[in-house]
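Architecture at a glance
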Number of protein chains: 2
Amino acid sequence: MSDKTTRDQIIEAADRLFYQQGFDHTSFADIAAFVKISRGNFYYHFKSKDEILDAVIALRLQNTKKMLKQWEKDGAQPIDRIGSFIHILITNQAKILLYGCPVGTLSSELAKLDHKSHAEANQIFSLCRNWLGKQFAALGHGDKADALAMHILARSQGVATLSSAFQDDKFIAQEVAQMCDWLQLHAKNSTT
Amino acid sequence: MSDKTTRDQIIEAADRLFYQQGFDHTSFADIAAFVKISRGNFYYHFKSKDEILDAVIALRLQNTKKMLKQWEKDGAQPIDRIGSFIHILITNQAKILLYGCPVGTLSSELAKLDHKSHAEANQIFSLCRNWLGKQFAALGHGDKADALAMHILARSQGVATLSSAFQDDKFIAQEVAQMCDWLQLHAKNSTT
DNA sequence: GTCTATAGATTGATAGAC
DNA sequence: GTCTATCAATCTATAGAC
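As the structure is a computational prediction, the values presented were derived from the model and not from experiment.

Section: the overall build of chain A
Across its full length, chain A holds 10 helices and zero strands. Secondary structure of chain A in N-to-C order comes out as α-α-α-α-α-α-α-α-α-α. Taken across its 192 residues, chain A has 51% of its residues classed as buried. Taking all contacts inside chain A whose residues are at least 6 apart in sequence as the whole, residues at least 24 apart take part in 69%. Here chain A displays about 9400 Å² of accessible surface, and carbon together with sulfur accounts for 51% of that area. Measuring between centres, the 22 positive side-chain charges of chain A sit 3 Å from its 21 negative side-chain charges.

Points about the protein's contact with DNA strand D
Taken together, 14 residues sit near DNA strand D, with Thr6, Ser38 and Tyr44 of chain A together with Tyr43 and Lys49 of chain B positioned nearest. Counted by atom, the contact set of DNA strand D within 4 Å of the protein is 64% sugar and phosphate. Serine 38 of chain A places a main-chain nitrogen or oxygen 2.8 Å from a phosphate oxygen of DNA strand D. Contacts to DNA strand D include asparagine 41 of chain A, whose side-chain N or O atom sits 3.2 Å from a sugar or linking oxygen. The residue inventory of the surface near DNA strand D, partitioned by class, reads four nonpolar, nine polar and one charged.

Description of the interface of chain A and chain B
Contacts between the two partners involve 38 residues from chain A, matched on the other side by 38 residues from chain B. Where chain A meets chain B, there are zero salt bridges. Inspection of the region where chain A meets chain B yields 12 residue pairs in polar contact (both at pLDDT 80 or more). For the side of chain A that touches chain B, the secondary structure elements donating two or more residues are α1 (6-21), α6 (93-99), α7 (102-113), α8 (118-138), α9 (145-166) and α10 (169-185) of chain A. Considering each element in turn, the side of chain A that touches chain B owes the most residues, 13 residues, to α9 of chain A. The residue makeup of the side of chain A that touches chain B, split by class, is 16 nonpolar, 16 polar and six charged.

Considering the protein's contact with DNA strand C
Looking at DNA strand C, there are 16 residues lining it, with Tyr43 and Lys49 of chain A together with Thr6, Ser38 and Tyr44 of chain B nearest. Here a phosphate oxygen of DNA strand C and a backbone polar atom of lysine 49 of chain A are 2.9 Å apart. One of the side-chain nitrogen or oxygen atoms of threonine 6 of chain B is found 2.9 Å away from a phosphate oxygen of DNA strand C. When contributions to the surface near DNA strand C are tallied by element, the ones reaching two or more residues are α2 (28-35) of chain A together with α3 (42-45) of chain B. Grouping the amino acids of the surface near DNA strand C by side-chain chemistry returns five nonpolar, nine polar and two charged.

What to know about the layout of surface pockets
Considered as a void within the structure, the largest pocket measures approximately 1100 Å³ in volume. What lines the largest pocket is a set of 33 residues, among which Asp15, Tyr19, Arg60, Lys95 and Pro102 of chain B lie closest to the centre. Counting residues per element, the ones that place at least two in the lining of the largest pocket are α1 (6-21), α2 (28-35), α4 (49-74), α5 (78-91), α6 (93-99), α7 (102-113), α8 (118-138) and α9 (145-166) of chain B. The leading source of residues in the lining of the largest pocket is α1 of chain B, at seven residues. Here the lining of the largest pocket is built from residues that sort into 19 nonpolar, eight polar and six charged. Of the voids in this model, the second largest pocket is the one considered here, and its volume is about 820 Å³. What lines the second largest pocket is a set of 24 residues, among which Tyr19, Met67, Asn92, Pro102 and Val103 of chain A lie closest to the centre. Those elements that place two or more of their residues in the lining of the second largest pocket are α1, α4 (49-74), α5 (78-91), α6, α7, α8 and α9 of chain A.

Cut-offs used in this document
Residues numbered from 1 in each chain as written. Chains lettered and ligands numbered in written order. Predicted model: local features only at pLDDT ≥ 70, side-chain atom pairs only at ≥ 80, totals over all residues. Heavy atoms only, no water. Helix = DSSP H or I, 4+ residues; strand = E, 2+ residues; numbered from the N terminus. Buried < 20%, exposed > 50% of the residue type's maximum accessible area, 1.4 Å probe, protein only. Contact = heavy atoms within 4.5 Å. Areas by Shrake-Rupley, 256 points an atom, 1.4 Å probe, with all protein chains shown as cover. Lys, Arg positive; Asp, Glu negative; His and termini not counted. Charge placed at Lys NZ, Arg CZ, Asp CG, Glu CD. Near = heavy atom within 4 Å. Polar contact = N/O pair within 3.5 Å; in protein donor to acceptor, adjacent residues only side chain to side chain. Nonpolar A, V, L, I, M, F, W, Y, C, P; charged D, E, K, R; others polar. Salt bridge = Lys/Arg side-chain N within 4 Å of Asp/Glu carboxyl O. 1 Å grid on protein atoms, 1.4 Å probe; cavity = no way out; pocket = protein on both sides within 12 Å on 5 of 7 lines; lining within 4 Å. Points joined across faces, edges and corners; volume = space filled by probe spheres on them.

And the structure:
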């Protein structure tokens, strides 16, 4: 923890604060207070606030890739892997209830800001979409694999938004169970 | 249009700009330029920016009530009424692709800002939830009516978020069709 | 009821000492 | 590499003329 570079500490603090407070509403003063450096020191590591955002998005892309790889390693069958994806709603439920989904809320904010990095932020969605599509393709849903991936992604987003609005963790549990039931209906032939 | 009070013009401009740019990112200067009044004039009509937000939320609550009443009038059967709700995704698709759902994105933003009016903004969700629950109850789903209402609400939110991220109007059409299919499966006895 | 002028705080960003 | 000091712009909000 203490041997991390200042640059990495800034990125991690920004990652956290952008999620909790939003990108636009998080100031350098906020990040500086968190990392315990002066505001002027930022500009040795980054040219602008937008550059910090890009670094945060890059970090999230990297972490998402790691997570998907891990699920691919842990889950022998595509069904198990997709199940892992669905269950992040429960794994991260405490944070989701407070701040929603980090991917969806950042994408929505950058859309409203008409921010140049909006497309980059959406690559996190694309990563999940393609990975889910690959799993559904492995299940035998050739042409419908992408549509099924988008369906699961959308339902996860909706659960995050509504559970956060109503502070309802039971709703998360209900919907996760329903999505798993739905998944079983789409379990064609995996290995056979 | 021209005989509207300045106060109403401010509220309508704020309603539009809060949706397109976000609440926090919209300044008095933005609203003033839209309504063509001076910045100082705001404070004759409102005490603070938060008061404008409350007025905007009150307006949205009022408009939502009107819309739900109209659907109840137009649709003879609960199935038709729920169908009207699902189809707002298509009716408002142009705006949704650009700015997402006005209810969901405002709720998410106010959650991150830890804003005191977050609960008020969520009343728009509650309005829809209770109305949908009433329709499902009329369909004969006594104890499951609220869960079905939440399910439809969540799926609508997810479709709004993802279609906006991927700029995909075909995805909206696909999911709306699927939601209508799902709805038919839940069409127990309505009038009989 | 609307305006101009301005206060007071905060923002992102820069310059230069150490 | 980190700091202090500071700039210029912007923000919400206020005061007072008309």
